[in-house]
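Take a look at the letters that make up each chain.
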Amino acid sequence: MGMGVLGLAAIPLLKTAGAAPIIAVDPAPEKRAKALASGADYALDPFAPDFAETAKALTNGGAKVGIEVTGIGAGLDGILDCMARFGRVALLGCTRNKDFTIDYYMKVHGPGITLIGAHTAARPLYESSDGWWTQSDDVKSIIKLTQFGRIKLSSLVDEVHSVNEAVEIFDRLKNEKVFPVVQLDWSDLK
């Protein structure tokens, strides 16, 4: 389980929206440190023996909203252990592995948890229901928040490289377990 880039990018947005507390979860200490630097209130290791109990204590009995970004079955199982009754979990991670088991009766049905499929392809191109934001709505909001200085996306970037180095960078990243957020500079495209 881990935050990845998507989870780190969500922290300033959650903070701007008034979410409190914001609890980031990642097994890598460097990612937890980056999450705290990005504005998370707490950063927990999902493999700590008291993980769920700590999360429930920090949220006064359980989180009302959770965002699962890993797409790993253990990530979904772990976040369900942290939820409050009638909580909601957005499934941003794309769990493609069918070889995991969730006790849906005890972790979803019994506590009344709502699971929200949030895959990009599942979202409407044009608003079709009240409250459904499109990708265009998201982009416009992020641009506006950036323009007004509410969020600073550059704080998420660990490394900047020329686009001419893209092949070498991708080769390096595919072999790293904890990889940095890399921005490609297109100004010197050859």
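Residues numbered from 1 in each chain as written. Predicted model: local features only at pLDDT ≥ 70, side-chain atom pairs only at ≥ 80, totals over all residues. Heavy atoms only, no water.

Novice: I keep staring at the overall build of the protein chain and nothing clicks. Help me out?
Specialist: Along its length, the protein chain carries seven helices and seven strands. Going residue by residue from the N terminus, the α and β elements of the protein chain occur as α-β-α-β-α-β-α-β-α-β-α-β-α-β. Looking at the protein chain residue by residue over its 190 residues, the buried ones come to 33%. Intrachain contacts of the protein chain at a sequence separation of at least 6 include 49% that bridge at least 24 residues. Of the roughly 12,100 Å² of accessible surface on the protein chain, 58% is carried by carbon and sulfur atoms. (Helix = DSSP H or I, 4+ residues; strand = E, 2+ residues; numbered from the N terminus. Buried < 20%, exposed > 50% of the residue type's maximum accessible area, 1.4 Å probe, protein only. Contact = heavy atoms within 4.5 Å. Areas by Shrake-Rupley, 256 points an atom, 1.4 Å probe, with all protein chains shown as cover.)

Novice: Looking at this structure, how should I read helix H2 (residues 29-37)?
Specialist: Given 3.6 residues to a turn, an α-helix orients residues that are three or four positions apart in the same direction. All of the buried residues along H2 are Lys31, Arg32, Lys34 and Ala35. For H2, the buried positions fall inside an angular range of 160 degrees around the axis, keeping them on one side. Away from the buried face of H2 by more than 90 degrees, exposed residues Pro29 and Ala37 are located. Gly39, located one to two residues past H2, shows a positive phi value of around 120 degrees. (Arc of directions from axis to C-beta.)

Novice: What is the right way to read the nonpolar core from this model?
Specialist: Soluble globular proteins: nonpolar side chains tend toward being buried together. In this structure, Ala63, Leu76, Ile79, Leu80, Met83, Val89, Ile102, Val108 and Ile113 together form the largest nonpolar core, which totals nine residues. At the level of elements, helix H4 (73-80) and strand E4 (83-91) are the ones that each hand at least two residues to this core. In terms of nonpolar packing, the next biggest core, distinct from the first, is built from seven residues, Ala24, Ala35, Ala40 and Leu156 among them. (Core = buried A, V, L, I, M, F, W, Y, C linked by side-chain atoms within 4.5 Å.)

Novice: In this structure, what is going on with the sheet that holds strand E3 (residues 63-68)? I would like to understand it.
Specialist: Two orientations exist for strands paired in a sheet by backbone hydrogen bonds: parallel and antiparallel. Sheet architecture is open: three strands sit in the order E3-E4-E5, paired in parallel fashion. The sheet terminates laterally at E3 and strand E5 (114-117), the two strands that pair on one side only. When strand polarity is set aside, the average angle formed by the axes of neighbouring strands in this sheet is 15 degrees. Across four bridges, the pairing between E4 and E5 is parallel. Residue pairing across strands places Arg88 opposite Thr114, the latter belonging to E5. (Pairing = 2+ DSSP bridges. Axes fitted to C-alpha atoms, helices over the stretch in contact; angles between N-to-C directions.)

Novice: Is there a simple way to explain the side chain of Glu68 in this structure?
Specialist: Within the secondary structure layout, Glu68 lies in strand E3. A distance of 2.4 Å separates a polar atom in the side chain of Glu68 from a polar atom in the side chain of Thr70. When residues no more than four places from it in sequence are discounted, the contact partners of Glu68 are Gly75, Leu76, Ile79, Val89, Ala90, Leu91, Leu92 and Gly93. (Polar contact = N/O pair within 3.5 Å; in protein donor to acceptor, adjacent residues only side chain to side chain.)

So, to be careful, I would describe these as geometric facts and stop short of saying anything about function.
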